[in-house]
Amino acid sequence: MIRHIVHKEFTDVLRDGRFRWCSILVGSLLLISLGHGWVQARNTQQEHAAAQATAREHWETQGEKNPHSAAHYGIYAFKPRLALSFVDEGVDPYTGTSVWLEAHRQNDFMLRPAQDATAAQRIGALTAAQVLQHLVPLLIILLTFGTLAGERERGTLRQLLATGIGRRELAGGKALGVSSALALLLVPAALVGAAALVVASPGPAASPLARGTALAGVYLAYFATFLALSLAVSAWARSARTALVVLLAVWVVNGLVAPRVAVDLSKWLHPTPSAFEFARTVESEMATGTGDISRPDRAASTEHLLAEYGVERVEDLPINAVGVYLQESEEFGNRIFDRNYGALWDTFERQGVVHETLAVAAPLLAVRTLSMGLAGTDVEQHRHFANAAETYRRDLMRQMNGDMTENSLTGDFTYTAGAELWEAVPPLQYAAPPLGWVLGNRVLSLLVLGAWLAGAILAAVARVRRAEVT
Amino acid sequence: MRSESTVAWIRLIRLEFARVIRSGGVAAAVLLLLGLGVYASWQGNRRIQAAEAATSAAETAYRDQLAYLSSIYPPTTEAGEPLYYLAFPAPQPPSRLSALASGRMAVETASLRIRLLALEGQLYEHETLNPRLAAAGHLDLAFVLIALLPLFVIAVTYDIVSGERERGTWRMARLFARPRRLIAAKIAARVVLATGLVTSPALIGAFSTGIDADGRAGWAIALIALHTLFWFALCLGVAGGHRSSTANAMILVGVWVALTFLAPAVLSLTNALLHPVPEALELTVRQRQGYHEAWDLPRAGTMESFFEDYPKWSDWIVPEDEFTWAWYYAMNHRGDQAARDASHAYRDILTRRDEWARRWSLLVPPLATQIALDRLSSADLGTQLAYQEAVRSYHERLKAHFQPFLFSAAPMAQVDWDRVPSFEPAVPAGDAPQAGLPAAAALILISVCALLPRIRSRPSPDS
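Residues numbered from 1 in each chain as written. Chains lettered and ligands numbered in written order. Predicted model: local features only at pLDDT ≥ 70, side-chain atom pairs only at ≥ 80, totals over all residues.

Our next topic: the overall build of chain B. When helices and strands are tallied, chain B shows 16 helices and 2 strands. Expected size for 463 residues packed as a compact globule is a radius of gyration near 23 Å; at 29 Å, chain B overshoots this value by more than 25%. Seen through its C-alpha atoms, chain B measures out along the principal axes to roughly 100 × 40 × 40 Å. Taking all 463 residues of chain B together, 47% fall into the buried category. (Helix = DSSP H or I, 4+ residues; strand = E, 2+ residues; numbered from the N terminus. Rg over C-alpha atoms; globule rule 2.2 N^0.38 Å. Buried ≥ 20, exposed ≤ 12 C-beta atoms within 10 Å, placed from the backbone.)

In structure tokens:
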């Protein structure tokens, strides 16, 4: 019997023009956005690889100069686009993709695509994640709202139950019917995505298939939640119309209102300084130091050097004291940067936690967090790269200052180093964090999404059991 | 006779109004929308206040920094040295109207601080906003009125005829008035409700923020009204037919999704494909390269290219073997020169993007309204470009002011600090009718098209 119900629901979807066109539309949008995302990810990755190579070439062929000039010359670092970013571009349009590593300061990331955007891009971008997070749930609602409420309205629910089928079987059959219709559009998209990853990965990634599988699991849980919710409402509502209106309200609050309210709430609970205030704080702390971080004392370190080498005058030192001073000021600056940027990133993460917590009111928030995380495009993984780039900058500065200290004398401004030193600096090697690291950051979202799924299924079961026949 | 029919007419509308507001979800939806609207106006007001506070803070910061630099450098220090550090404020005061449509305000900083060094690298600074929050979008009154209000319109209108028909009350209702008139009264009652939803938060926002009642505000109100009427026209066009309530609801929600999400996404994708911007990366790299190369090049060459842009200094000779600040700032200028072509190309492509988006958005009512509102409230891409242009000219005026002191290697005590030029904010791009008229015309035209099926076919007399 349940086979018949599944079959009937499935053919209903295929035969009804409205459902058919909606499904075809969503399916093709999904494929188009996957395709476009893949092309874009691959192009960006190639552009960045080329730009990174050019930057490296500029660095190696900068000619003979003082190592400190080279440190000022600096080098660009480009954030690699991870393979799965073609599914969800996450915060990438808002973070910038390149950072200039130079002496004395930690720079912000530059070049955010959002900077070049018109209002059209702000309302919605066509990415696979948007389709999966907004349109597929809407399709599920449209396919499901009438399953029980519609049968009841038409009076066929009584007939069906009279055949001796249990309510739970009936509802289960309907859910399976809708799911198989959905599978017709989701399975090909998933296969295309997986094939794109395996055959022609658009960029580097840590464990892309494991990440991809987890991503698919998250979206399946999300869809199942919506399916169960829709069934529950359809069983509860007096008419198909009421079911539709209620479900649309849920969809609007989940997808449109909750994320924006969460933004304001997280800003209100954990405010961040404006760009201007932030720059000003860093400037003034760099100028005067803070309570526990004092500016390097040049006289003291000179004294220390003189004692260490047992000489009377700075000119007699076998090393270049300026190199030592520069490194000391570099380390002082680093502590100021760590303090300020650290506090800023921590605030961002606290804002993220507010977001994740609010997912108890809207599962989309949990799904969005998990999706960005698994695609490698969330704030935490941006910070991971930013930290790697900053560590690289510090090593680079240490190497330049060290070379100057060892190979020249104090007061010698003519010393130059050449290609040998520039080539001795290893290129920036970045390894994206593994899946376990990502999931470890996202325990809260996983729990909330799990709770939504379990709650929705329980609600569906309870509602179906109590569904009235007329 | 006439007044009697007017009274009957008003009574009909009043009855219908009471009926709508009393039905289950509607009251809840009205409260939710009102709440969101008032909240959004309040947030908009706070954003304006924060932006204004930032404007005055930038001024204070400049004074403080100047005082600090004067205190740590002996007065005989060459002016070039403190000028290396000194950052001049270039704050763009927000348009009051942006409390209503905040546009790019959340992402862009409108308060750059400019140093006398190469400019290109300083122009693209941005707000320290959590990228995660930026990606989630923001809630301004424009979003509530353009994206959410249409859903409410759909929810109260989709079963305007079919609901009565399905409940079997349509025949009875027709006894009291002709169908056309009945439908008109029903629509009128709902328009009154929607008007209340639009005006109350907008008025609260306008009064608390102190929006001037000028042409721009007038156009903004007209556009929102026309946009809301467009949705009524569309709903009437669809719901006045013979379909079932469920079919009406599905069609209208489908159109809403298509117009509010899909069409903007498709347009912006097309726009990005037609006008790609690789130049952004190129210009920063070029600027760095142009500046840094100059350290190792003969100084005469650097000065030569500097004199091309500033011939009035071409008599000065800069020594090859000693550091001068005149040469140092000329090197910085060389960086900007190297990036000039790339920078022009970047601006060109952004301008074309902006124009393309404005033209094609006219086909999509919510997007046309959004873009026109952004423009009216000076929060669109065009305004951002105009702001950058204003910063460019400010940088030039600063250079003109300080060059005499740099070339004569004057000590900082001699610099005329009182007459340092101050920033002149960009004027809003395009006047109000220019920003509002195309969108208004498009909205009216599309509304009429949406009504066409109803105008041609008489409303069902019997069913």
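The discussion continues.
Next up on the list: the overall build of chain A. Each helix and strand counted, chain A has 19 helices and 2 strands in total. At 29 Å, chain A has a C-alpha radius of gyration far larger than the 23 Å of a compact globule built from 470 residues. For chain A, buried positions account for 47% of its 470 residues. For chain A, long-range pairs separated by at least 24 residues make up 83% of all intrachain contacts whose partners lie at least 6 apart in sequence. (Contact = placed C-beta atoms within 7 Å.)

The next subject is the interface of chain A and chain B. Across the contact, 63 residues belong to chain A and 66 residues belong to chain B. The greatest single-element share of the side of chain A that touches chain B, amounting to 15 residues, is contributed by helix 11 (residues 240-269) of chain A. Residue composition of the side of chain A that touches chain B, grouped by class: 32 nonpolar, 20 polar and 11 charged. (Nonpolar A, V, L, I, M, F, W, Y, C, P; charged D, E, K, R; others polar.)

Over its 37 residues, helix 14 (residues 321-357) of chain A runs 53 Å from end to end, which matches the ideal 54 Å to within 8%, given 1.5 Å per residue. All buried positions along helix 14 of chain A are accounted for by A321(A), G323(A), V324(A), L326(A), E330(A), G333(A), I336(A), F348(A), Q351(A), G352(A), H355(A) and E356(A). (Expected span 1.5 Å × (residues − 1).)

Moving on to the environment of E164(B). Inspection of the secondary structure puts E164(B) in helix 6 (residues 162-167). E164(B) has contacts with T169(B), W170(B) and A173(B), leaving out every residue within four places of it along the chain.

Our next topic: the environment of V461(A). Position of V461(A) among the secondary structure elements: in helix 19 (residues 443-466). Separated by 219 residues in the primary sequence, V461(A) and T242(A) place their C-alpha atoms 20 Å from one another.

Attention now goes to the pairing of strand 1 (residues 88-91) of chain B. Residue and element names in this part refer to chain B. Judged by which residues are buried, strand 1 turns out to be covered on both faces: F88 and A90 on one side and P89 and P91 on the other are all buried. When strand 1 meets strand 2 (residues 111-114), the two strands line up antiparallel, connected through 4 bridges. Its bridge partner being in strand 2, P89 is matched across the sheet by R113. (Pairing = 2+ DSSP bridges.)

All names here are of chain A. One can describe the packing of helix 15 (residues 363-375) onto helix 19 by two numbers: an axis separation of 9 Å at closest approach and a directional angle of 135°. Taken together, helix 15 and helix 19 sit at an angle that is classed as oblique. For helix 15 against helix 19, the interelement crossing comes out left-handed. In contact with P363, A366, V367, T369 and L370 of helix 15, helix 19 contributes S445, L446, V448, L449 and W452. (Axes fitted to C-alpha atoms, helices over the stretch in contact; angles between N-to-C directions. Parallel < 35°, antiparallel > 145°, perpendicular 65-115°, else oblique. Left-handed = near helix turned anticlockwise from the far one by under 90°.)

All right, on to the packing of helix 10 (residues 208-236) of chain A against helix 19 of chain A then. All names here are of chain A. It is the contact of helix 10 with helix 19, at a shortest axis distance of 8 Å, that shows an interaxial angle of 25°. Comparing their axes, helix 19 and helix 10 come out roughly parallel. In the packing of helix 10 onto helix 19, the handedness of the crossing is left-handed. Where helix 10 abuts helix 19, its residues V218, A221, A224, T225, A228, L229, L231, A232, A235 and W236 lie against L449, W452, L453, A456, I457, A459, A460, R463 and V464.

Inspection of the secondary structure puts I32(A) in helix 2 (residues 17-60). For the pair formed by I32(A) and T97(A), sequence separation is 65 residues and the distance between their alpha carbons is 25 Å.

In the predicted model, chain B carries a mean pLDDT of 83, and the fraction of residues at 70 or more is 94%. As a predicted assembly, this complex carries a pTM of 0.86 together with an ipTM value of 0.82. (pLDDT = per-residue confidence, 0-100.)

What follows is about unusual backbone geometry. All names here are of chain B. Despite not being glycine, S378 shows a phi value in the positive range, around 50°. Here S378 shows up in the loop between helix 14 (365-376) and helix 15 (381-407). One non-glycine residue, A409, adopts positive backbone phi at about 50°. Here A409 shows up in the loop between helix 15 and helix 16 (432-456).

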